[in-house]
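Architecture at a glance
Here's the letter readout for the chains.
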Amino acid sequence: DTKIDCSKVYVKKSNFSNEQTGDFDGAFAAVAMKAGDLIEKGVVRRLPDGFDGNTCPYIFTWSKERPNKIWGMASGCAPFYNTCKEGTSNTKMVRDFENDTFEIFAVRDIEK
């Protein structure tokens, strides 16, 4: 069984890029998905102690501790999903801190 699978998504320039934000990348659906479908799974590599993840938008908090002192770098397309206010996103990341893995699920139907 593969540890990393991001075959249902791809990365390209975000539709939200504009003159004010500059160009940035986003993750997009390569296939249609239903609510509850697994979109992507992957691994996370913990970054060295003392790393300040607040300075990098592509790094994830990697513990339940607050303030967070553990940061991780995710595989695949995970760093390119657009973040939204709670309740407005079409995806949800489930983090497994013990095994340093994640899964991303569709929270509603997503068109290709």
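Everything discussed here concerns the structure shown above.
In this text the structure is predicted, and so the values were computed from the model without any measurement.

**Quick look at the nonpolar core**
Ranked by internal contacts, the top residues of the largest apolar core, which has 16 residues, are Ile39, Ala78, Phe102 and Ile104. It is strand β7 (residues 101-106) that contributes the most residues to this core, 3 residues altogether. Setting aside residues no more than four positions away along its own chain, phenylalanine 102 makes contact with Glu40, Lys41, Gly42, Val43, Val44, Trp62, Ala74, Ser75, Ala78, Met93 and Val94.

**Observations regarding the packing of aromatic side chains**
Counting across every chain of the model gives 3 aromatic pairs. Each ring, one from tyrosine 58 and one from phenylalanine 80, has its centre 6.1 Å from the other, and the planes form 45°; the classification is tilted. Of this pair, tyrosine 58 sits in the loop between β3 (38-46) and β4 (60-61) while phenylalanine 80 sits in the loop between β5 (71-74) and β6 (91-96), and the two are 22 residues apart along the sequence. Consider the rings of tryptophan 62 and phenylalanine 97, whose centres lie 5.0 Å apart with planes at 80°: the pair is edge-to-face. Of this pair, tryptophan 62 sits in the loop between β4 and β5 while phenylalanine 97 sits in the loop between β6 and β7, and the two are 35 residues apart along the sequence.

**Side note on the sheet that holds β4**
Judged by pairing direction, the sheet is antiparallel, and its 5 strands sit side by side in the order β4-β5-β3-β7-β6 without closing on themselves. The outermost strands of the open sheet, each flanked by one partner alone, are β4 and β6.

**Side note on the pairing of β5**
Looking at chain direction, β3 and β5 are connected through 3 bridges and run antiparallel. Within β5, the residue paired with arginine 45 across the bridge is methionine 73. The pairing of β4 with β5 spans 2 bridges and is antiparallel. Within β5, the position partnered with threonine 61 by the bridge is tryptophan 71.

Procedures and definitions
The written sequence of each chain sets the order in which its residues are numbered from 1. In view of the model being predicted, local features appear only for residues whose pLDDT reaches at least 70, and side-chain atom pairs are presented and counted only at 80 or more, with totals across whole chains, interfaces and linings using the full set of residues. Hydrogen atoms and water are omitted, and side-chain values are computed over all heavy atoms in the structure. By nonpolar core is meant a set of buried Ala, Val, Leu, Ile, Met, Phe, Trp, Tyr and Cys residues that side-chain atoms within 4.5 Å join together. To sort residues, take the accessible area from a 1.4 Å probe on protein chains only and compare it with the maximum for the residue type: under 20% means buried, over 50% means exposed, and anything in between is partly exposed. Comment: elements are numbered from the N terminus, with helices defined as DSSP H or I runs of at least four residues and strands as E runs of at least two. Contact definition: two residues touch when any of their heavy atoms are within 4.5 Å. Side-chain rings of Phe, Tyr and Trp, where Trp is taken by its six-membered ring, are said to pair if the distance between their centres is within 6.5 Å; with planes under 30 degrees apart they count as stacked, over 60 as edge-to-face, and otherwise as tilted. Paired strands, as defined in this entry, are two strands with at least two bridges between them according to DSSP.

None of this, on its own, says anything about what the molecule does.
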